[in-house]
Every structure is written in C-alpha cells, then in structure tokens.
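One letter stands for each residue in the lines below.
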Amino acid sequence: MPAALTAWLTGDASADRVVPPSGFTAQLTLFAAGVMTFLTVFALALSLATGRLAERWGDDLARASTVRISAPADQMRTQTAAALRVLETTEGVESAQALSAEDQQALLAPWFGPDVPVDALPVPQLIEVTESDGGFDAAGLRLRLSAEAPGAVLDDHTRWRRPLVAAASRLRALGLLSILLIGGAMAAMITLAANAALAANSQVIGVLRLVGAKDRYIARAFVRRFTLRALIGSVAGMICGATAILFLPDQGEVGLLTGLGFRGIEWLWLPLLPLAAAAVAYGATRGAASRVLAALR
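Cut-offs and rules
Residues numbered from 1 in each chain as written. Predicted model: local features only at pLDDT ≥ 70, side-chain atom pairs only at ≥ 80, totals over all residues. Heavy atoms only, no water. Helix = DSSP H or I, 4+ residues; strand = E, 2+ residues; numbered from the N terminus. Buried < 20%, exposed > 50% of the residue type's maximum accessible area, 1.4 Å probe, protein only. Contact = heavy atoms within 4.5 Å. Patch = residues over 30% accessible without salt bridge, like charges linked within 9 Å, V, L, I, M, F, W, Y side chains within 5 Å. Areas by Shrake-Rupley, 256 points an atom, 1.4 Å probe, with all protein chains shown as cover. Salt bridge = Lys/Arg side-chain N within 4 Å of Asp/Glu carboxyl O. Axes fitted to C-alpha atoms, helices over the stretch in contact; angles between N-to-C directions. Left-handed = near helix turned anticlockwise from the far one by under 90°. Nonpolar A, V, L, I, M, F, W, Y, C, P; charged D, E, K, R; others polar. Pairing = 2+ DSSP bridges.

### Overview of the side chain of Thr191
Then step 1. Along the chain, the position of Thr191 falls in helix α7 (residues 158–200).
Then step 2. Among the residues examined, Thr191 registers a relative accessible area of 16% and is labelled buried.
Then step 3. Residues in contact with Thr191, not counting those within four places in the same chain, are Ala284, Ala288 and Arg291.

### Remarks on a nonpolar patch on the surface
Then step 1. The grouping of Leu171, Leu174, Leu177, Leu180 and Leu181 at the surface amounts to a nonpolar patch, some 480 Å² of accessible area in total.
Then step 2. In this structure, Leu171 sits in helix α7.

### As for the packing of helix α8 (residues 202–210) against helix α9 (residues 215–246)
Then step 1. Packing of α8 against α9 leaves a shortest axis separation of 10 Å and a crossing angle of 140°. Every pair of crossing elements has a handedness; the one defined by α8 and α9 is right-handed. Residues Ile205, Leu208 and Arg209 of α8 form the contact with α9, whose participating residues are Asp215, Ile218 and Phe222.
Then step 2. Considered class by class, the residues forming the contact of α8 with α9 number 4 nonpolar, no polar and 2 charged.

### Quick word on the pairing of strand β3 (residues 125–131)
Then step 1. In β3, alternate side chains face the same way, and those of Gln125, Ile127, Val129 and Glu131 are buried while those of Leu126, Glu128 and Thr130 on the opposite face are not.
Then step 2. Across 6 bridges, strand β1 (residues 64–69) lies against β3 in antiparallel orientation. For Ser65, the partnering residue across the bridge sits in β3 and is Val129.
Then step 3. Alignment of strand β2 (residues 93–98) against β3, held across 5 bridges, turns out to be antiparallel. Paired with Ala98 across the strands is Ile127, a residue of β3.

In structure tokens, the structure reads:
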C-alpha cells in the first residue's frame, strides 16, 4: 500500500478532533450511504437482469418460428402433413414438429384455464419450427407454404422479438439512470452533512487558523472522516442488499422479477459500490469544505 494512502487512512489525531466523531452529521452520512447503496444494489440487479433477459429473448426467438394452419376440419390433417413436408425439405430448418392437442391446451391454459376444450374450438394447428445457425429464407418458405398448404401462415417472431428486446433495453437504461440519480442524491445529502459539520465547528476552525493551520490541513480532516463514514455505511448497505437479493426466488425462466439477481461474475460488481460511494463522498466533502472555508475567511 502506498505511503500516502496509508497516511491518509491513518489520519492525523489532532486534525480529526476538528470533525465531531458522532452526532447528527455522522448518523446522516452513515444512513445516506447505507440506504443509497442498498437501493443501488437493486438498481444494478435490475439492469443486469434485463440485460440477460434481452439476450435470452433475442436468442430464443431468433431461432424459433411458428407455422399456424387455419383450415376446415376435414383439411386440417392434410395441410398439416403438407406443411411438415415443406419444412423438412427447407434448407435452414433444423426441426419441425406439430404440437399435440395437449401441448396447445397447455399454451391456452394461462388465458382460458386448464380445462379448455381444444377439440371443440376452432383452434389453429401450430407447428414449432427450430432454425439452424444459418437460418432459412422466410420469403421463399412462405411462397412454398402458400402453394402446398394454403391455410399455413409462417410467423418468424420478428414483430415479437423487436419490441421485447427494445423493452428490456429500456429497462436496463432505466436501471442505469436510477444508479446515477441515487449517486447524485447521496452526494447532495453528504454535502449537506459536511456543510453542517463545518458550520458547527466554525469557531474551532477560526482558532486553528490563528495558530497557523492551513485550509488544506483543515479540509483534509473533514474529507477523510466523511469519506470513511460513507465507506462504512456503504459496506453495510451492500451487505444488506446482497442478502436481500439472495432471498429472492430464483426462477429466471418464469419472468423478469423472479429472475432479478446476480449470476456468476456479476457478483464482483458489488464490492465496487462502496468504493464508488467513498469516491462520491470524497468529491462532495472536498467541494463543500472549499466553499465553506472560503466563506469563513
């Protein structure tokens, strides 16, 4: 560890007496840093989760397509077989499988309940298509399907994929914006606490100046104390936030909120939050000290 950093962390006992070790300003700094870091953990988890969600939706929908067959009951089986033959001979189609009545009932269950009578309803026949890495020519496949199975309609999920990925990207941007706003709010609260501490010690600051203390010496004491307070509060907030994240349900395939959390190397972002909070406190306190000390001259 560099000597300058060691000296800064150790501090000067005589200079530290300028800053009150407890009281309102200490509690406000610890509370602000802890709460803001706690909220940042969730904002960061939201950003990372939506990033994973956008990637998963994009990958899954990019390789999945659906053929929907709407035809009279006496032609449904014939057109389904014709569509399957077309799909099996299409370059870029890895697999094609017609969904059974049970599979289609499971798809409709969230909207109509588990006992929906699929056989009694005019439900189209669905064929699940999986693309190979190279993909297929959608326009050419539509032409072949219209010739062999007039009731078949190809849906390559393009109109679904784009808005879903765009929505997830916007949620990620919202999470990042929330982190910036949280950092700004923490800086404002720490600035207020530093201003209050400096104003409360104006007489002590005046005496120190009379005995030859420089403003840099006085400011360093305030900056160090408030930075360490923010670091301690932020570590506590990070631990609480990480603990809360661990107790969230881990069922990422169900939806966004149940997939909220960190995965693998993403946990390494958390130790950076207290360092970022300390940097914010350092800058805010240094600016406040410069302004107040200049006003007290």
